[in-house]
Amino acid sequence: MNAVIGKAGGRRGTTILLNENSNRLNPAMVSFNGAQRFVGEGAASIARSNYKNTIHSLKRLIGRKWSDPELQAEIPRLSFTVVEMPGDKVGVKVAYNDGEKTLCVEHMVAMLLCKLADVAAKASDGVAVADAVVAVPSWFTDAHRRAMKNACEIAGLHVLRLLNETTAAALAYGAFKSAKGLFDPQKPKHVMFVDMGHSGYSATVAAFVQGSLTVKACAYDHNLGGRDMDWAIVEHLAAEFTKKHGHDPLGNKKALLKLYQSAERGKKQLSPLGVPEVLITVECLMEDLDFTYTLTLEKYEELIAPLCARVAAPIQQVLQESGLAPDALDAVEIVGGATRVPAVKRAVAAALALPPTPPHYGLSATMNADEAVAEGATLQCAILSSRFKVKDFAVRDAVPYPVRLSWDPAAAAEAGAAAADADAAMEDGEDAAAEGDGVLLFQRNEETPKTRRVTFRRAEPFTVSAAYDASAQGLLPPGADLAIAAFRVDGPAAGGPARSVRVNVKHDLHGIVQVSSAQLMEAVEEATPAPAAAPEEEKKEGGEEGKASG
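Since we're looking at a predicted model, the values are computed, not measured.

What the four strands build is an open sheet, ordered β23-β20-β26-β27; its pairing is antiparallel. Lying at the two open borders of the sheet, with one neighbouring strand each, are β23 (438-442) and β27 (483-489). Within this sheet the neighbouring strands show an average axis-to-axis angle of 25 degrees, counted without direction. Sheet topology places strand β26 (residues 462-468) next to β27; six bridges connect them, and they run antiparallel. Its bridge partner being in β27, Phe462 is matched across the sheet by Val489.

Quick look at the structure:
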């Protein structure tokens, strides 16, 4: 629900910027009122009175298809109107300037990004944003990332990288420690980052050596976050109100918004240790009826117990995929606002068999829960930008979902797939086994960015298709399309002789799969070297040459 803006520079290397209300957290909202548009703090101030035209939860909407089952489950929770657009796309219907407009989600996100860029410019004496890195959830698919990249282009941002949020947190953790020489050059230090924010949860294991970090594995539950705890409270409060007054506030958009805000406030008040209960009061919830309820800590933890039970699975998965036991971890860092909830901390500690000692239960909380991701993204921007000179620190992320390249059977691969360039840190000639009409090009948790090549022998233009491997079904969001994109290669002229065509497929810095280039290959015969002269002939020739020169 909030966005944080960082700026490279300052004594600590990064500075978190304040908005017009001197807040570091910027509400991720866009609101329309008459012919005016309000974004951020302005939208939040009128969200309750203008709830039908105030758009939020943009991270949950971008890159989705209308037919997505998760989107359909999301719609009843939203106070604004979501509609289907051509091509199975998602749009938002708003009242604007005495009429109705339907806007695509990418445009809404672009409006938010423009506002954040404006905040950054005002905090920099009017200097416009030159380069940017935008943090996105690790579970984002290729479609999500392309949509976010499109939104950045619409906003006019020069985005150097879409960086995974937990990778950003790892960078914020490790960059300064590396600068101080706190890591071993050879022996890696393994740290788990547990990130639970407003709407998603992830666990990542990163290995640190001097001058670099490598993400070993990442697992996620993208439907587990602070808002799900709010919803558990909302359902309970609604049931209590219905039992008392006979009216169901869940069917009233404005009443639902009021309950959401009260539930979130109650959750935050119960999070510090030693708070046994909180009084929740909602004026004029519906039908001119006020509502007051005392929520105890015991009842609250009972309500969120099913959510906390889901914390362990991603932790166990990431340990298994990284090949580490809990006692092999050097630290477990928690970030994200929802990790402030004691029940969440206890669930994480229990999954790792850590001592149940409050306040942090054996977990490390050395990073700012709200700002760590923004700090890491800011550092990555400084590293990648040509406008800054910083100490080298390599960031090697992990491929979230396995990717397969397929083609028409007539386009049989001549040499399978191999590593392509020095940037991929791979040796030439490392092949991936082609299986008939396809090859598993990028495996899960493999280092990225990376480029691989496939060589074909064709006499006409052809098409290759990238898709998630069938093994990704259990990892992808429900209903996600396995197909990523199809790429047409126009190199060989139709009707001509068959030519070798090398296709370079890249899993790039943004986590997007694309064909970066294709080359026509031509075999060149090497000239046969002349046989070496016999030693006696060499002496004779040398003697004759000596006489001639004398």
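Don't stop here, the text continues.
With that settled, consider the packing of helix α6 (residues 165-179) against helix α12 (residues 372-384). Interhelical geometry of α6 versus α12 gives an angle of 75 degrees and a closest axis separation of 7 Å. Taken together, the axes of α6 and α12 lie roughly perpendicular to each other. Of the residues in α12, those touching α6 at Glu165, Ala168, Ala169, Leu171, Ala172, Ala175 and Phe176 are Ala372, Val373, Glu375, Gly376, Ala377, Leu379, Gln380 and Ile383. Split into classes, the residues belonging to the contact of α6 with α12 amount to eleven nonpolar, two polar and two charged.

Attention now moves to helix α10 (residues 312-322). In an α-helix there are 3.6 residues to a turn, and that puts residues three or four apart on one side. For α10, the set of buried residues is Pro314, Ile315, Val318, Leu319 and Ser322. An end-on view of α10 places all buried positions within 135 degrees of arc, on one side of the element. Turning to α10, the residues buried within the fold contact β13 (189-196), β14 (201-209), β15 (212-221) and α11 (342-351). Gly323, located one to two residues past α10, shows a positive phi value of around 75 degrees.

Moving on: the pattern of salt bridges. If the charged atoms of two oppositely charged side chains come close together, the side chains can form a pair. Following the criterion strictly, the structure yields 27 salt bridges and no others. For Arg227, the salt bridge is made with Glu74, and the minimal N-O distance between the two is 2.4 Å. One end of the pair, Arg227, is in helix α7 (residues 226-245); the other, Glu74, is in helix α3 (residues 69-74), with 153 residues separating them in the sequence. Each member of the pair, Arg227 as well as Glu74, carries the same accessibility label: buried. For Glu460, the salt bridge identified is with Arg458, shortest N-O distance 3.3 Å. The partly exposed category is assigned to Glu460, whose relative accessible area is 40%.

A few words on a negative patch on the surface. Side chains of Glu283, Glu287, Asp288 and Asp290 sit close together on the surface and give a patch of like negative charge. With respect to the element layout, Asp288 can be found in the loop between β16 (277-286) and β17 (289-296).

Now for the sheet that holds strand β7 (residues 54-55). With antiparallel pairing, three strands are arranged side by side in an open sheet as β6-β5-β7. Two strands close off the open sheet at either side, each with one partner strand: β6 (36-39) and β7. Bridge analysis of strand β5 (residues 30-33) against β6 gives four bridges, and the strand direction is antiparallel. When the sheet's bridge partners are listed, Val30 is paired in β6 with Val39. Of the strands in this sheet, β5, β6 and β7 touch helix α4 (residues 105-122), which is tilted by about 100 degrees from β5.

This part is about the packing of aromatic side chains. As enumerated under the stated definition, the model contains 13 aromatic pairs in all. With 5.4 Å between their ring centres and 80 degrees between their planes, Tyr173 and Phe193 make a pair best called edge-to-face. Residue Tyr173 is found in helix α6, and its partner Phe193 is found in strand β13; the two are separated by 20 residues along the sequence. In this structure, Tyr173 and Phe193 share a single accessibility class: buried. Ring geometry for Trp407 against Phe456: centres 5.1 Å apart, planes inclined by 80 degrees, an arrangement best described as edge-to-face. One end of the pair, Trp407, is in strand β20 (residues 403-407); the other, Phe456, is in strand β25 (residues 450-458), with 49 residues separating them in the sequence. Taken individually, Trp407 and Phe456 each receive the classification buried, so the pair is uniform in this respect. Aromatic rings pair up to connect Tyr173, Phe183, Phe193 and Phe208 into one cluster. Between the NZ or CZ atom of Lys177 and the centre of the ring of Tyr173, over which it lies, the distance is 4.0 Å.

This paragraph deals with the confidence of the model for the protein. Scored by pLDDT, the protein comes out at a mean of 88, with 90% of its residues at no less than 70. For residues 411-434, every residue scores under 50 in pLDDT, and the model assigns this stretch 61 contacts once sequence neighbours within four places are set aside.

Right, let's talk about the nonpolar core for a bit. One recurring pattern in soluble globular proteins is that nonpolar side chains are buried together. One finds Ile62, Met108, Val109, Leu113, Tyr401 and Leu405 to be the most contacted residues of the largest nonpolar core, which totals 70 residues. By residue number, the principal contributor to this core is α4, which donates eleven residues. Of all hydrophobic cores here, the second largest spans 53 residues; its members include Met192, Leu295, Tyr300 and Leu319.

For the bond from Pro358 to Pro359, the omega torsion is 10 degrees, close enough to zero to count as cis. For Pro359, the position within the fold is in the loop between α11 and α12. In this model, Thr448 is joined to Pro449 through a cis peptide bond whose omega is 10 degrees. Looking at the secondary structure, you find Pro449 in the loop between β24 (447-448) and β25. Even without a glycine there, the phi angle at Cys284 is positive, about 50 degrees. For Cys284, the location among the structural elements is in strand β16. Its identity as a non-glycine residue notwithstanding, Asp288 has a phi of 60 degrees, on the positive side. On the basis of relative accessible area, Asp288 is assigned to the exposed category, the value being 71%.

Let us now look at α4. Spanning 18 residues, α4 covers 26 Å between terminal C-alpha atoms, matching the ideal 26 Å at 1.5 Å per step. Every buried residue of α4 is accounted for by Val105, Met108, Val109, Ala110, Met111, Leu112, Leu113, Leu116, Ala117, Val119, Ala120 and Ala121.

Procedures and definitions
Residues numbered from 1 in each chain as written. Predicted model: local features only at pLDDT ≥ 70, side-chain atom pairs only at ≥ 80, totals over all residues. Heavy atoms only, no water. Pairing = 2+ DSSP bridges. Helix = DSSP H or I, 4+ residues; strand = E, 2+ residues; numbered from the N terminus. Axes fitted to C-alpha atoms, helices over the stretch in contact; angles between N-to-C directions. Parallel < 35°, antiparallel > 145°, perpendicular 65-115°, else oblique. Contact = heavy atoms within 4.5 Å. Nonpolar A, V, L, I, M, F, W, Y, C, P; charged D, E, K, R; others polar. Buried < 20%, exposed > 50% of the residue type's maximum accessible area, 1.4 Å probe, protein only. Arc of directions from axis to C-beta. Salt bridge = Lys/Arg side-chain N within 4 Å of Asp/Glu carboxyl O. Patch = residues over 30% accessible without salt bridge, like charges linked within 9 Å, V, L, I, M, F, W, Y side chains within 5 Å. Areas by Shrake-Rupley, 256 points an atom, 1.4 Å probe, with all protein chains shown as cover. Lys, Arg positive; Asp, Glu negative; His and termini not counted. Charge placed at Lys NZ, Arg CZ, Asp CG, Glu CD. Phe/Tyr/Trp six-rings, centres within 6.5 Å; stacked < 30°, edge-to-face > 60°. Lys NZ or Arg CZ within 6 Å of the ring centre and 35° of its normal. pLDDT = per-residue confidence, 0-100. Core = buried A, V, L, I, M, F, W, Y, C linked by side-chain atoms within 4.5 Å. Expected span 1.5 Å × (residues − 1).

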